[in-house]
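An overview of the molecular structure
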Amino acid sequence: YQTNSPLGQTQSTYELRWNSPATSKIVWVAGLYQTTSDRELGASSALRTPSPDVDGDPDTDEYGLYEVGRPFVTFNAFGQITYPFTEQLRGTAGARYSKNNADYAYQLYQTATPCSSPPAPACAETDAVTFTTPTITRKSSRPSTTWTLGLEYDVTPQSMLYGRIATGFKSGGVQVPNTGVSITTPDPLSLGTYKDETSIAYEIGSKNRFLGNTVQLNAALFYTTWRNMQLSQIVCVVQGCAPFQDPTYVQFYNAGPSRQYGVELDLIWAVTPDDRLSLSLSSMKGEYGTTGYYWSAPGPTGPINVFVNLEGREMANTPKLAGTLGYSHVFHIGDGKLTATLENEYSSDYETTHEWYFSGHTQPAYFRNNVSLSYEQGKVQIIAYGRNLQNKATIQSVFPFGVQAGEPRLFGGSLQVSF
């Protein structure tokens, strides 16, 4: 199995934007935006053993999907306006129209016989191949319109309440199906599709300053729902994945109505002109809607397909409690100043993936410390930092063959000069 190897990619971006005058009481923006991209690929994106077997020798019937290219064009037209109904009350409305045009071009190829490195499930990339089909192109065109509405009310000059609603859209796509097919079938690619994902997010909150603007306190409640949330699953071509041996590919599918909700709190306190304390807290809960997937698991007489039900299960990367506590102090040295900062991070345990059969699917609760020193004088700033001082391993993603860890203990620095 060879992953996609881009041979080259070209991308162009164009944007035209209009803004309201800086002195206007009605604040608005409008624009057009377009991105074009064309990626050339040079390796198989999936490998299958066809079913049924053509000649009794499955090795000679293995074929690869060669993705020739994936050009796409995205066009957007957007606008937003904020209108002051009174001195204290403002309303905001905005909309975006998007259209994504994509082409997916594939060919099938069959590996040489015999492979140079049997009994591997795929021939070496250097083996000769025979293309068995002409290029087949699947076109995808998906328009969407998203919008946002919001209100802001100044209770006092230092206190504001707000509420907003916003929708979201994520385009579906074309994908390889999860069943083996033979190179002798009339349409051997039989590409499938997965649906567009849509969401609607609600948020209410307050932004405040107290004690002569030395304390800033922001708080928010949020609730987001999804239709057809896009999830992915690593699928084995054969039952009972053998790490680094059996070919796999990524299969996308859609979940039923899903939701996530929680609360966020941010506090900044200027204790003195040279001392600052900061605190951020969040608590979230997320649940998947009606959906699930099959996984090939060990059984008493061999691998068996087990259905994993996701309905009501905890959404990945959603810790019930997470927060950061920081303290900084400024030392005045001649004409410059040195700022020392200590930051403490905490997260409760959470699922790192919805594929719970993988080892490492749960990230245990952890603490992590960061420090930094920043010296500023005139137009020069020198920064030195250390992150994850405990060298605490955290899980970013998991695979059938292991996990990908987050950033280890890291020290670094930078020099910035303003002109």
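Residues numbered from 1 in each chain as written. Predicted model: local features only at pLDDT ≥ 70, side-chain atom pairs only at ≥ 80, totals over all residues. Heavy atoms only, no water.

Secondary structure summary: the chain contains one helix and 28 strands in total. Taking all 419 residues of the chain together, 34% fall into the buried category. Counting every atom, the chain has about 23500 Å² of accessible surface; 57% of that belongs to carbon and sulfur. (Helix = DSSP H or I, 4+ residues; strand = E, 2+ residues; numbered from the N terminus. Buried < 20%, exposed > 50% of the residue type's maximum accessible area, 1.4 Å probe, protein only. Areas by Shrake-Rupley, 256 points an atom, 1.4 Å probe, with all protein chains shown as cover.)

The next point concerns the nonpolar core. In terms of nonpolar packing, the biggest core is built from 12 residues, these being Trp226, Met229, Leu231, Tyr253, Ala255, Tyr288, Tyr293, Val308, Leu310, Met315, Ala316 and Trp356. Those residues within four positions of tyrosine 288 in sequence are excluded, and the remaining contacts are Met229, Leu231, Pro257, Ser258, Leu310, Glu311, Gly312, Arg313, Glu314, Met315, Ala316 and His354. (Core = buried A, V, L, I, M, F, W, Y, C linked by side-chain atoms within 4.5 Å. Contact = heavy atoms within 4.5 Å.)

Moving on, we get to the confidence of the model for the chain. In regions of low pLDDT, the predicted coordinates are not meant to be interpreted in detail. Taken as a whole, the chain shows an average pLDDT of 79; of its residues, 70% reach a score of 70 or greater. Confidence drops under a pLDDT of 50 for residues 111-130, and excluding neighbours within four residues, the segment shows 34 contacts in the predicted structure. Predicted confidence is poor over residues 178-189, with pLDDT under 50, and the contacts of this stretch with residues over four places away or in other chains come to 32 contacts. (pLDDT = per-residue confidence, 0-100.)

Attention shifts here to the packing of aromatic side chains. According to the stated counting rule, one finds four aromatic pairs in the structure shown. Their ring planes at 70 degrees and their centres at 5.3 Å tell us that tyrosine 83 and phenylalanine 85 sit as a pair that is edge-to-face. The class of tyrosine 83 is partly exposed, set by a relative accessible area of 41%. What makes phenylalanine 85 exposed here is its relative accessible area of 51%. (Phe/Tyr/Trp six-rings, centres within 6.5 Å; stacked < 30°, edge-to-face > 60°.)

A word on the environment of glycine 172. Position of glycine 172 relative to the elements: it lies in the loop between β9 (159-170) and β10 (173-175). Note on glycine 172: relative accessible area 7%, which makes it buried. The residues touching glycine 172, leaving out its near neighbours within four places in the chain, are Arg142, Tyr194, Lys195, Asp196 and Gln230.

Residues Leu16, Trp18, Ile26, Trp28, Leu32, Phe75, Ile81, Tyr83, Phe85, Tyr97 and Leu151 make up a contiguous nonpolar surface patch of about 1000 Å² in total accessible area. Top contributing element to the nonpolar patch by residue count: strand β5 (residues 72-84), with three residues. Here leucine 32 falls in the partly exposed class, since its relative accessible area comes to 36%. (Patch = residues over 30% accessible without salt bridge, like charges linked within 9 Å, V, L, I, M, F, W, Y side chains within 5 Å. Salt bridge = Lys/Arg side-chain N within 4 Å of Asp/Glu carboxyl O.)

We now examine the pattern of salt bridges. With the rule as written, the count across this model stands at nine salt bridges. The partner of glutamate 15 in a salt bridge is arginine 17, and the shortest N-O contact between them spans 2.6 Å. Overall, glutamate 15 belongs to the partly exposed group, its relative accessible area being 44%. As a salt-bridge pair, lysine 320 and glutamate 314 come within 3.8 Å of each other at their nearest N and O atoms. A network of salt bridges, in which partner residues are shared, links Arg90, Glu152 and Asp154.

A word on unusual backbone geometry. A negative phi angle characterises most non-glycine residues, just as the trans form characterises most peptide bonds. Despite not being glycine, leucine 211 shows a phi value in the positive range, around 50 degrees. Tracing the backbone shows leucine 211 in the loop between β12 (197-210) and β13 (215-227). Looking at leucine 211, the relative accessible area reads 63%, which means it is exposed. Phi is positive for asparagine 213, close to 65 degrees, though the residue is something other than glycine. Following the sequence through the fold, asparagine 213 ends up in the loop between β12 and β13. The class of asparagine 213 is partly exposed, set by a relative accessible area of 46%.

You can see glutamine 260 is positioned in strand β16 (residues 258-272). Among the residues examined, glutamine 260 registers a relative accessible area of 15% and is labelled buried. Considered as a pair, glutamine 260 and threonine 318 are 58 residues apart in the sequence and their alpha carbons are 8.7 Å apart. Beyond its immediate chain neighbours, meaning those up to four positions away, glutamine 260 contacts Phe222, Tyr223, Thr224, Trp226, Met284, Lys285, Gly286, Met315 and Thr318. Within the structure, the side chain of glutamine 260 is placed 3.3 Å from the side chain of threonine 318, a separation counted as a polar contact. (Polar contact = N/O pair within 3.5 Å; in protein donor to acceptor, adjacent residues only side chain to side chain.)

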